[in-house]
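Read off the chains here:
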Amino acid sequence: MTRQKNPVLRHLWNYGVITVSCAIYALAFNCFFQPNNIAMGGFTGIAQILNLFLPALPVGTTVLVMNVPLLAVAARKQGAKLLVGTLYAIAVSSLMIDAMALAYTFPPMEPLLASIYGGVLLGLSVGLMMLKSATTGGTELLARLLKYKLHGLSIGRLCMIIDVLVVLAYAVAFGNLNNALYGIIAMYICSLAMDMVVYGQTNAKMAYIISDRSQEITQWLLDRDMGVTLLQGRGAFTGDEKKVVLCAFKRSQIVPIKAAVTQIDPNAFIIVCEAHEVLGEGFGEYTPDSL
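Residues numbered from 1 in each chain as written. Predicted model: local features only at pLDDT ≥ 70, side-chain atom pairs only at ≥ 80, totals over all residues. Heavy atoms only, no water.

1. As for helix 7 (residues 155–174)
Argument step 1. Under the 1.5 Å per step criterion, the end-to-end length of helix 7 is 28 Å for 20 residues, consistent within 8% with the ideal 28 Å.
Argument step 2. Turning to helix 7, its buried residues number three or more, namely Ile155, Gly156, Leu158, Cys159, Met160, Ile162, Asp163, Val166, Val167, Tyr170 and Ala171.
Argument step 3. Positive phi shows up at Gly175, right after helix 7, with a value of about 60°. (Helix = DSSP H or I, 4+ residues; strand = E, 2+ residues; numbered from the N terminus. Expected span 1.5 Å × (residues − 1). Buried < 20%, exposed > 50% of the residue type's maximum accessible area, 1.4 Å probe, protein only.)

2. What to know about unusual backbone geometry
Argument step 1. A positive phi angle, near 55°, is found at Asn37, a position not held by glycine.
Argument step 2. Position of Asn37 relative to the elements: it lies in the loop between helix 1 (7–33) and helix 2 (42–53).
Argument step 3. By relative accessible area, which is 39% here, Asn37 ends up partly exposed.
Argument step 4. Within the chain, Asp225 stands out as a residue other than glycine whose phi angle is a positive 60°.
Argument step 5. Relative to the helices and strands, Asp225 resides in the loop between helix 9 (214–223) and strand 2 (228–234).
Argument step 6. Taking the relative accessible area as the measure of exposure, Asp225 reaches 74% and is therefore exposed.

3. A closer look at the pattern of salt bridges
Argument step 1. Scanning the model with the defined rule gives 3 salt bridges in all.
Argument step 2. Close ionic contact of Lys242 with Asp212 constitutes a salt bridge, the shortest N to O distance being 2.9 Å. Highlighted residues: Lys242 in strand 3 (residues 241–249) and Asp212 in the loop between strand 1 (204–210) and helix 9, separated in sequence by 30 residues.
Argument step 3. Residue classification places Lys242 among the partly exposed positions, given a relative accessible area of 24%.
Argument step 4. Judged by its relative accessible area of 66%, Asp212 falls in the exposed class.
Argument step 5. The partner of Glu216 in a salt bridge is Arg213, with the nearest N and O atoms 2.7 Å apart. (Salt bridge = Lys/Arg side-chain N within 4 Å of Asp/Glu carboxyl O.)

4. With respect to the packing of aromatic side chains
Argument step 1. Applying the stated criterion across every chain yields a total of 2 aromatic pairs.
Argument step 2. Judged by centre distance (5.0 Å) and plane angle (80°), the rings of Tyr15 and Tyr88 are edge-to-face. With Tyr15 in helix 1 and Tyr88 in helix 4 (residues 68–103), this pair connects stretches of sequence that are 73 residues apart.
Argument step 3. Centroid distance Tyr104 to Phe106: 4.9 Å. Interplanar angle 85°. Geometry classified as edge-to-face. (Phe/Tyr/Trp six-rings, centres within 6.5 Å; stacked < 30°, edge-to-face > 60°.)

5. Section: the environment of Thr135
Argument step 1. Along the chain, Thr135 falls in the loop between helix 5 (111–131) and helix 6 (138–146).
Argument step 2. Classification of Thr135 by relative accessible area gives buried; the value is 1%.
Argument step 3. For the pair Thr135 and Tyr88, spaced 47 residues apart in the sequence, the C-alpha separation amounts to 9.0 Å.
Argument step 4. Beyond its immediate sequence surroundings of up to four residues, Thr135 is in contact with Leu82, Thr86, Ala89, Ile90, Met129, Met130, Glu140, Leu141 and Arg144. (Contact = heavy atoms within 4.5 Å.)

6. Structural notes on the pairing of strand 2
Argument step 1. In terms of strand pairing, strand 2 meets strand 3 through 7 bridges, oriented antiparallel. Considered in strand 3, the bridge of Gln232 is made with Lys243.
Argument step 2. From the end of strand 2 to the start of strand 3, which pair antiparallel, there are 6 residues, and Gly239 there has a positive phi angle of about 80°. (Pairing = 2+ DSSP bridges.)

7. Regarding the environment of Ala171
Argument step 1. Mapping Ala171 onto the fold places it in helix 7.
Argument step 2. What makes Ala171 buried here is its relative accessible area of 13%.
Argument step 3. As a C-alpha pair, Ala171 and Ile38 span 133 residues in sequence and 9.5 Å in three-dimensional space.
Argument step 4. Look past the residues within four positions of Ala171 in its chain and what remains in contact with it is Asn176 and Ala180.

8. Overview of the side chain of Ser125
Argument step 1. As for its position among the elements, Ser125 is in helix 5.
Argument step 2. Once residues within four sequence positions are removed from consideration, Ser125 is found in contact with Ser21, Ile24 and Tyr25.

9. Considerations on empty space enclosed by the protein
Argument step 1. This structure, assessed with the given rule, holds 2 cavities of 30 Å³ or more.
Argument step 2. By volume, the largest cavity amounts to about 120 Å³.
Argument step 3. In terms of lining residues, the largest cavity is bounded by 16 residues, among which Tyr25, Gly41, Gly42, Thr44 and Glu140 are the most central.
Argument step 4. When contributions to the lining of the largest cavity are tallied by element, the ones reaching two or more residues are helix 2, helix 6 and helix 8 (177–200).
Argument step 5. Considering only residue class, the lining of the largest cavity consists of 7 nonpolar, 7 polar and 2 charged.
Argument step 6. Considering only enclosed or pocket space, the second largest cavity measures out at about 40 Å³ in volume.
Argument step 7. For the second largest cavity, the full set of lining residues is Tyr25, Thr44, Gly60, Val63, Ile90, Ser93, Ser94, Ile97 and Thr136.
Argument step 8. When residues of the lining of the second largest cavity are traced back to their parent elements, those giving at least two are helix 3 (59–66) and helix 4.
Argument step 9. Here the lining of the second largest cavity gets 4 residues from one element, more than from any other, and that element is helix 4.
Argument step 10. Its residues placed into classes, the lining of the second largest cavity shows 4 nonpolar, 5 polar and no charged. (1 Å grid on protein atoms, 1.4 Å probe; cavity = no way out; pocket = protein on both sides within 12 Å on 5 of 7 lines; lining within 4 Å. Points joined across faces, edges and corners; volume = space filled by probe spheres on them. Nonpolar A, V, L, I, M, F, W, Y, C, P; charged D, E, K, R; others polar.)

Spelled out as structure tokens, the structure:
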């Protein structure tokens, strides 16, 4: 029986992904951010600031405590699934951060490299958690709640805005502008990586095909169960009426479509565009909790 059909296997798979994501998150913090004094943003960044003034407070445990009020709000908004997943992610990532710090101290490295690779790993880990209805709390959870009001901003951009504010506070606390600037670089890269993980799988292509043999092209696309819309067009120079074929498709289908169109009509005019998100049959569907 496949993972998709068996709820137990699906549940185990989801929490396995969250666990691996927590390990990546802890590695990013302990290997790239902490030894180079680069602000991580969010509640972890705030915990770094508190740890500076109160070294007895472990970063991971501090993050866990600060997330409690935000979790109460999230539970009312998005229900038990997000709450349970987030509690698990916060607990596991916090324990992994502290355990990894006790087991091994990573040496400092070139700050720019730490910002780049730390940002990539951080965005990867948080993005994977969000796909499985979990977050590490703090920035990601707050951004998820803000998404209800700020629909026009991606989840990665919302996280970046919050994180930059924390990084600026970090700069004031540590009195080190350079490390704060490296932190902003890391947060920007993190937002790109996060959006790529969260939205990348729904990205698609869209093509406008202008051809005198539009009917044959349309039939070829329909034979392969692709959605097609015919638009009415007119050549600006000749004034001739033309049918414009509009088609949305998966990235993997772009090569056979271009090959088929040029074989049917070598003179066809093809415009291929990025479609950030496609909703409908064969693609995704909208839900109120969509990221």
